[in-house]
Amino acid sequence: MGQLVERTAGVGAGLATEDMILNIGPQHPSTHGVLRLRLVLDGERIVSAEPIVGYMHRGAEKLFEVRDYRQIIMLANRHDWLSAFCNELGVVLAAERMLGMELPVRASWARTMLAELNRVLNHLMFLGSYPLELGAITPIFYAFREREDLQKVMEEISGGRMHFMFNRVGGLKDDLPAGWLDRARRTIHAVRGRLADIENLIHGNEIFRARTEGVGVLTTEQIAAYGLSGPIARAGGVDFDLRRDEPYLAYGELGDVLRVVTRKAGDCFSRFDCLLEQTRVSLDLAEACADRLAALPQGPINLRLPKVLKVPEGETYAWTENPLGINGYYLVSRGEKTPWRLKLRSASFNNIQVLGELLPGHLVADMVAILGSMFFVVGDIDK
Amino acid sequence: MPQFPDAVSNQNMTNWFLGSFDTHIPWWFILVVIKAVAAFAILVVLTLFNIWYERRVVSFMQMRIGPNRVGPQGLLQSLADGVKLALKEDIVPTNADKPVFWIAPLLSAIPAFLAIAVIPWGPAVSIFGHWTTLQLVDLPVGVLYVLAISSIGIYGIVLAGWSSGSTYPLLGALRSSAQMISYEVAMGLSFAGVFLYAGTMSPSGIVNAQQHGWYFYMLPLSAIIYIIAMVGETNRAPFDLPEAEGELVGGFHTEYSSLKFALFFLAEYINLVTVSALAVTMFFGGWRAPVPISLWSGANSGWYPMLWFMIKLLIFVFVFIWLRGTLPRLRYDQFMAFGWKVLIPVSVLWLLVVALFRQLRNAGDLDRAHAVPIGIGIAAVFLLLVVALEVRERNQIRRTPPPTVPDYEPLAGGFPVPPMPGQSAPAVPRRPQFARTAAAPAPALNGTTAEEASTR
Amino acid sequence: MNVTTASVQFTGSAQSYLSPTGVEVAFILIGLVVLGSALLVVTVRNLVHAALWLVVCLGGIAGEYLLLGAELVAWVQILIYVGAIVVLLLFGLVLTRAPIGHTDELDVKHRAPAVVVAAGAAGVLVTVVVDAYRKVWLEPRAAVPLGTGAANGAALFKYWVLPFETLSVLLLAALVGAIVISRRGADGDSDEPESVGTD
């Protein structure tokens, strides 16, 4: 970008166009919190970008080490506040695996259903907020209407609207309330029907297409090198989904419903498209789970636990396909009632590292489009 | 129409500017003062109304209720907000260029008020027994005046951005200056067609010339180009790049607070009214009643035209709000490309066609029998041209490679690169099983073992 | 509009400059403002302030046109010079991130020759104009018909059409030159969408 300097030779050296340093964040509307990007700009074109993380570091991993397994679930569900249920899942899966627990069948199906509903909630947030970042202010309200209905379903069962705290080691906290399955199914139907509203509102919009197509293209190599996962990786043609490739819970039996949504282009639009389609798949999955749960015979939904829950000595790595990508817990236990170490591999942390390579060459306005399409949660980055 | 000759005002105001050097205060001067105060009041009240209007309409589009607490239906909400804004602390950044920082909001708000002066709100009415048109001044070059005044309004934005001494406002200033210059060209070109038809640049003359047909359907392309350009000119969605809140936080007014910010806000909404009023005047018959009403003979006389004008104006404001509720924001370079590569060429071509038509008609070679096939022919050629341009544009978009990202080198930073997934095989290579703990086997799920699942 | 109702009279001495009319007083006052702001443009150390004084200067000239009854020219002056050219200048300044505060590099060495050239140019122009219109009395009120769009158009495309077209060729040349300059050094990325900085 140096050629400009020589071209604007005129009054003096001080008047040549300089590269401007622009700090996006930590307080900026497009960073959803406190991510900070240090951009070097030439005009409006980004010369280099450096994501600076850690403004919201809460020391989650260290806190895990001084909490027992019941408390850890509560802590773990907070780092990515848009997929609380799925976060809890990894912890309990790891603990159950170490304990050698056999999960009740109904618990496994109920968890799968709730995880998928949580995924829908999460994706709806994206479907609303991404157009908002590109200046379309209406879709978010449609997305939130759907979220509201789904949250009612989740609230009825767990009492929480965001931080559900419904997982326990060995199952779920309570059994499903009477009639809940039907109400959930009705809501799923309604949401699936109205998802078309959001799609019609924004998906085919010329401006939206122009803003997102061909912008922020991630290659398969980049995705592999940076360890991107989840819908962002799948939008770039990486056909990898833990729900299918290493099934946990009841996903192994949902093979005919579970379609892994992939796109080829790897640009912002394909990421949006991928997430939109994945929302539909998740609704299908949740409905299939509801059908199955209704068909299952009565039985326990959790296991009785000892007063002091000690996990035997050993280690395990439990990873789940979270809405944002792969979320993994590496649990090392020394037989205490607290873990010796619980390492958290969060999806957003890996996903945003690629920004430094992805942003240069784009305009500031593209930065917003790319940042939004990377779909991160700052809490998930900073942990 | 009342038997009122336009000449009455013209005789007394041979020249509005030089006339003001007369030493005695004539009756028309008092009328002008009344009209000026009224125009000011209308603008301010319209601003308050439009803010409420926008919030309510957008709320309706978004399944919300919107402001409904202060006053009936929340009508006084904007007033309350304005008072609150005025009472806020006025912050001036340390880095700011203080005098310019101070002048900028004024430079933005004052031209916004001035531009409305030449818009005719109605035909002649009687005020205190004197006949006068509902127009502050009837400049023979009134439309030019509006363009000139609104071009001064740009200064407010550019200077606000520069003088804040901060990066986001600077980017906002950069965008808005380029944007407004570009769109003013398209705007001016779209007016040229109207001038050719009306034979005058005076707004009242243009309204009079639309007696037998609004220019909206006589010059459809000019109207469309103007409507697009006016959205660009007022920095409203989807062209609100200078203040794009997702990118530049607040753009040029990021550092402004209190009354200075209120002035920018005021200027934006008054500009909204001004450009809408201009659109109504130039293309939608001004104060003339629309067709079913205009069959009533009294529709275009007395105070009624002001009503029609207001209704048309509010419809335009509604369109603005509608756009804001619907469309995402364009990217800066796309927006500029649209202005320079689509709007300006199209309007120049269109102007040629209009000029040709006028000339043929003036020369008398064009009777009705010839006009229709020629018109259809020209329209077809023009349409083809536009379509061809559009197709070419799209093909180019399709052909252009994605923006250059630095070439990826597998070992550039000394990082080992994992085997590339998804390149040949559709699924990634995966471990034969996922039970890796020493303590316990994986929980088997309902008959599906890990092996089975992973081979799927 | 009838152009032949000439308001420009060729008179020897009939008009007096004593006991000036309001129009004349205003003309002189605005003239002083124009002169003062023009001087400030070249002396102020802050680039953006200089551009702003230029706005005042050009706006003042538009005011003078209005006083002379040339309404069309006045608004065109504002539209083109104030509304476009200086905004473009400001655009360039903002693009180069004109610093807030003084710019010391504005003190150039060839200041003295510049003053001489400017004074010389001003002298020649003033002499020519004064000499050409020595015997002309312009009554502003009567000159209004001369300032209308119709009159200007007629004059431009009937009597001055050759200079007008020549000027447009000059502008075309300038346009081509600008393209050439901006294209230089950008051969490699000529097909890319251009950023703000490169066009």
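Residues numbered from 1 in each chain as written. Chains lettered and ligands numbered in written order. Predicted model: local features only at pLDDT ≥ 70, side-chain atom pairs only at ≥ 80, totals over all residues.

Colleague: Could you give an account of the overall build of chain A, with specific residues and numbers?
Modeller: Along chain A, the regular secondary structure elements total 16 helices and eight strands. Computed over its C-alpha atoms, the radius of gyration of chain A comes to 22 Å, within 12% of the 21 Å expected for a compact globule of 383 residues. Each principal axis of the C-alpha distribution contributes one length, and for chain A these read about 85 × 50 × 35 Å. Residue pairs at least 24 apart in sequence account for 71% of intrachain contacts in chain A once pairs closer than 6 positions are excluded. (Helix = DSSP H or I, 4+ residues; strand = E, 2+ residues; numbered from the N terminus. Rg over C-alpha atoms; globule rule 2.2 N^0.38 Å. Contact = placed C-beta atoms within 7 Å.)

Colleague: I'd like a rundown of the overall build of chain C, residues and numbers included.
Modeller: Within chain C one finds seven helices and two strands. Listed N to C, the secondary structure of chain C is β-α-α-α-α-β-α-α-α in terms of helices and strands. Taken over 199 residues, chain C has a buried fraction of 24%. In chain C, the share of contacts with a sequence separation of at least 24, taken over all contacts with a separation of at least 6, comes to 71%. (Buried ≥ 20, exposed ≤ 12 C-beta atoms within 10 Å, placed from the backbone.)

Colleague: Tell me what's going on with the confidence of the model for chain A, and back it up with residues and numbers.
Modeller: Residue and element names in this part refer to chain A. Of the residues in chain A, 94% have a pLDDT of 70 or more, and the chain-wide mean is 84. Across chain A, the secondary-structure element scoring lowest on mean pLDDT is helix α1 (residues 3–7), at 35, and the one scoring highest is helix α12 (residues 268–295), at 90. Per-residue pLDDT stays below 50 along residues 1–16; that stretch engages in 22 contacts with residues further than four places along the chain or on separate chains. (pLDDT = per-residue confidence, 0-100.)

Colleague: Account for the packing of helix α3 (residues 27–61) of chain B against helix α4 (residues 77–86) of chain B, naming residues and giving values.
Modeller: Helix-helix packing is described using two parameters, namely the angle between the two axes and the distance between the axes. All names here are of chain B. For the pair α3 and α4, interaxial distance at closest approach is 8 Å and the crossing angle is 110°. Taken together, the axes of α3 and α4 are roughly perpendicular relative to one another. When the axes of α3 and α4 are compared, the crossing they make is right-handed. When α3 is examined against α4, the residues Leu-48, Ile-51 and Trp-52 are found in contact with a partner set consisting of Gln-77, Ser-78 and Leu-79. Along the lines of polarity and charge, the residues of the contact of α3 with α4 split into four nonpolar, two polar and no charged. (Axes fitted to C-alpha atoms, helices over the stretch in contact; angles between N-to-C directions. Parallel < 35°, antiparallel > 145°, perpendicular 65-115°, else oblique. Left-handed = near helix turned anticlockwise from the far one by under 90°. Nonpolar A, V, L, I, M, F, W, Y, C, P; charged D, E, K, R; others polar.)

Colleague: Go over the sheet that holds strand β2 (residues 36–42) of chain A with me, naming the residues and quoting the values.
Modeller: The strands making up a sheet associate through backbone hydrogen bonding, with each pair oriented either parallel or antiparallel. Residues and elements named next belong to chain A. With respect to topology, three strands assemble into an open sheet ordered β1-β2-β3, the strand pairing being antiparallel. Bordering the open sheet on either side are β1 (20–24) and β3 (45–52), each of which pairs with just one other strand. Going across the sheet, the axis of each strand differs from the next one's by a mean of 20°, ignoring polarity. When β2 meets β3, the two strands line up antiparallel, connected through seven bridges. Of the residues in β3, the one forming a bridge with Asp-42 is Arg-45. (Pairing = 2+ DSSP bridges.)

Colleague: Quick one: what's the story with the nonpolar core, residue by residue and with numbers?
Modeller: Within soluble globular proteins, side chains that are nonpolar generally end up buried alongside one another. With 263 residues, the main nonpolar core has B:Leu144, B:Val158, B:Ala279 and C:Trp75 as its most contacted residues. With 18 residues, helix α12 (residues 258–283) of chain B is the largest single contributor of residues to this core. The residues that make up this core include at least three from each of domain 1 (3–52) and domain 2 (60–382) of chain A. Those residues in contact with B:Ala279 that sit more than four places away from it in its chain are B:Tyr226, B:Ile227, B:Met230, B:Phe284 and B:Phe316. (Core = buried A, V, L, I, M, F, W, Y, C linked by C-beta atoms within 7 Å. Domains from an automatic or database assignment.)

Colleague: A description of the domain arrangement of chain A should follow, citing residues and the corresponding values.
Modeller: Residue and element names in this part refer to chain A. Domains assigned within chain A are domain 1 (3–52) and domain 2 (60–382). If you average the C-alpha positions of domain 1 and of domain 2, the two centres end up 35 Å apart. Counting residues at the interface gives 16 residues for domain 1, matched by 17 residues for domain 2. For the side of domain 1 that touches domain 2, the secondary structure elements donating two or more residues are β2 and β3. For the side of domain 1 that touches domain 2, the element with the most residues is β3, which contributes seven residues. Residue composition of the side of domain 1 that touches domain 2, grouped by class: eight nonpolar, five polar and three charged.

Colleague: Which residues make up the UniProt feature "domain: NADH-quinone oxidoreductase subunit D" (unreviewed entry) in chain A, and what are the values?
Modeller: All names here are of chain A. Sites flagged by UniProt as "domain: NADH-quinone oxidoreductase subunit D" (unreviewed entry) map to residues 134–307 and 309–383. Secondary structure over residues 134–307 splits into 55% helix and 2% strand, and the C-alpha atoms at its two ends are 52 Å apart. Taken end to end, residues 309–383 is 35% helix and 31% strand, and its two terminal C-alpha atoms sit 25 Å from one another. (UniProt positions renumbered as here; feature names shortened; annotations may be inferred.)

Colleague: Give a detailed account of the interface of chain B and chain C, specifying residues and quantitative values.
Modeller: If you look at the interface, chain B gives 30 residues, while chain C gives 30 residues. Counting only elements with at least two residues in the side of chain B that touches chain C, the list comes to α2 (16–19), α6 (142–163) and α7 (167–198) of chain B. With 10 residues, α6(B) is the largest single contributor of residues to the side of chain B that touches chain C. Across the side of chain B that touches chain C, the residue classes break down as 21 nonpolar, seven polar and two charged.

Colleague: Could you give an account of the sheet that holds strand β8 (residues 341–345) of chain A, naming the residues involved and the relevant values?
Modeller: Residue and element names in this part refer to chain A. Taken in spatial order, the three strands line up as β6-β7-β8 in an open sheet, and their pairing is antiparallel. Since the sheet does not close on itself, it has two edges, and those belong to β6 (314–322) and β8, each with one partner. Pairwise comparison of adjacent strand axes, ignoring direction, gives a mean angle of 10° for this sheet. Sheet topology note: the β6/strand β7 (residues 325–333) ladder contains nine bridges and is antiparallel. From the neighbouring strand, Thr-320 faces β7, where its bridge partner is Asn-327. Most of the contacts of helix α4 (residues 84–99) go to β6, to which it runs at about 150°, and overall it touches β6 and β7.

Colleague: Before we move on, could you go through the pairing of β2(A) and cite the residues and values that matter?
Modeller: All names here are of chain A. Alternating residues of β2 divide into Leu-37, Leu-39 and Leu-41, all buried, and Arg-36, Arg-38, Val-40 and Asp-42, none buried. For β1 and β2, the ladder comprises five bridges, and the chain directions are antiparallel. Residue pairing for β2: Asn-23 is matched across the bridge by Arg-38.

Colleague: How would you explain the pairing of β8(A) if you had to name every residue and give the values?
Modeller: All names here are of chain A. In β8, alternate side chains face the same way, and those of Leu-342 and Leu-344 are buried while those of Arg-341, Lys-343 and Arg-345 on the opposite face are not. In terms of strand pairing, β7 meets β8 through five bridges, oriented antiparallel. Residue pairing across strands places Tyr-330 opposite Lys-343, the latter belonging to β8.

Colleague: Describe the confidence of the model for chain C, naming the residues involved and giving the relevant values.
Modeller: Residue and element names in this part refer to chain C. With 77% of its residues at a pLDDT of at least 70, chain C reaches an overall mean of 77. Of the regions scoring below 50 in pLDDT, residues 1–7 engages in 12 contacts with residues more than four places distant in sequence or in other chains. Segment residues 188–199: pLDDT under 50, and 19 contacts once partners within four positions in sequence are set aside and those in other chains are kept.

Colleague: With reference to specific residues and values, describe the environment of B:Met306.
Modeller: Relative to the elements of secondary structure, B:Met306 occurs in helix α14 (residues 304–326). The residues touching B:Met306, leaving out its near neighbours within four places in the chain, are B:Trp121, B:Gly122, B:Leu134 and B:Trp287.

Colleague: Tell me about the packing of α4(A) against helix α5 (residues 105–133) of chain A, and please be specific about residues and values.
Modeller: Residues and elements named next belong to chain A. Here α4 crosses α5 at 140°, and the two axes come no closer than 8 Å. If you check the angle between α4 and α5, you find them oblique. Here α4 contributes Ala-84, Phe-85, Cys-86 and Leu-89 to the contact with α5, which in turn contributes Arg-111, Leu-114, Ala-115, Asn-118 and Arg-119. For the contact of α4 with α5, the per-class residue count stands at six nonpolar, one polar and two charged.

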